[in-house]
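# Commentary on secondary and tertiary structure
Now for the letters of each chain:
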Amino acid sequence: AQSVTQLDSHVSVSEGTPVLLRCNYSSSYSPSLFWYVQHPNKGLQLLLKYTSAATLVKGINGFEAEFKKSETSFHLTKPSAHMSDAAEYFCVVSRNTGNQFYFGTGTSLTVIP
Amino acid sequence: SAVISQKPSRDICQRGTSLTIQCQVDSQVTMMFWYRQQPGQSLTLIATANQGSEATYESGFVIDKFPISRPNLTFSTLTVSNMSPEDSSIYLCSVPTGGGFGDYGYTFGSGTRLTVV
């Protein structure tokens, strides 16, 4: 079975400081992992994805995530937070070639000016 | 990636009534998915809708409450039947990005915000 655990429901950072959103996964198979962002009253947008290629994945808007199999983690990072990064972030796992997509409970990111 | 048009974008409905949500994709896709996002919650998969077959429902969701149609490879509807305030949620449709099996992620519609009063 596949599942993801987002370790923090809320994260607050000051503008210009680093962002770390934590995600641990559980998968019986080689997983595909994704991070999505949902801005208030907006649709879901794919930030980045890991599909068994390079373990360090770069996404849009300066975000990146590192797949660590030994730690079963896929944490999302950004060196310097911007006000526009304030949103809800979802870590998602799916089976490779599978059609099941499992969402974490989400992390709400607040950026303080 | 596919572009999804979902409507209505929002609605306020009386309890006991039904609402049908439409999802139109600009390309042919085999699989379409319907999700529910309750207030302050994450997304939960309701069902998978494949063209030419009955939809497959996840645990906790039944066809009588959430009937789904999939008449062709670009269109699907989800009906929320006999609504109660507990059905107040955002409902989203989704397709595999690139039309595959989800290896490249999924594209989501902008959602239907349903309020039941």
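These numbers come from a predicted model, not from an experiment.

Attention shifts here to the overall build of chain A. Looking only at helices and strands, chain A features zero helices and 12 strands. In sequence order, the secondary structure elements of chain A are arranged as β-β-β-β-β-β-β-β-β-β-β-β. The C-alpha atoms of chain A give a radius of gyration of 13 Å, which matches the 13 Å a tight globule of 113 residues would have. Considered along the principal axes of its C-alpha atoms, chain A spans approximately 40 × 25 × 20 Å. In chain A, which comprises 113 residues, the proportion classed as buried is 42%. Contacts spanning at least 24 positions in sequence make up 56% of the contacts within chain A whose residues lie at least 6 apart. With an accessible surface of roughly 5,300 Å², chain A has 51% of that area assigned to carbon and sulfur atoms. Computing the positive centroid from 8 side-chain charges and the negative centroid from 7, chain A places the two 9 Å apart.

Residues and elements named next belong to chain A. Residue placement: Asn24 occurs in strand E4 (residues 23-26). It is 6.5 Å that separates the C-alpha atoms of Asn24 and Gln6, two residues lying 18 residues apart in sequence. Apart from the residues within four sequence positions on either side, Asn24 is in contact with Ser3, Val4, Thr5, Leu7, Glu71, Thr72, Ser73 and His75. Here the side chain of Asn24 touches Thr72 through a polar contact of 3.1 Å, landing on its backbone oxygen.

Lys7(B) connects to Pro8(B) through a cis peptide bond whose omega is 5 degrees. By the secondary structure assignment, Pro8(B) is in the loop between strand E1 (4-7) and strand E2 (10-13). Phi at Asn61(A) takes a positive value of approximately 60 degrees, unusual for a residue other than glycine. The residue Asn61(A) is located in the loop between strand E7 (56-58) and strand E8 (64-68) in this model. You can call Asn61(A) partly exposed: its relative accessible area is 49%. Of note in this structure, Thr72(A) is not a glycine but carries a positive phi near 45 degrees.

Parameters and conventions
Residues numbered from 1 in each chain as written. Chains lettered and ligands numbered in written order. Predicted model: local features only at pLDDT ≥ 70, side-chain atom pairs only at ≥ 80, totals over all residues. Heavy atoms only, no water. Helix = DSSP H or I, 4+ residues; strand = E, 2+ residues; numbered from the N terminus. Rg over C-alpha atoms; globule rule 2.2 N^0.38 Å. Buried < 20%, exposed > 50% of the residue type's maximum accessible area, 1.4 Å probe, protein only. Contact = heavy atoms within 4.5 Å. Areas by Shrake-Rupley, 256 points an atom, 1.4 Å probe, with all protein chains shown as cover. Lys, Arg positive; Asp, Glu negative; His and termini not counted. Charge placed at Lys NZ, Arg CZ, Asp CG, Glu CD. Polar contact = N/O pair within 3.5 Å; in protein donor to acceptor, adjacent residues only side chain to side chain.

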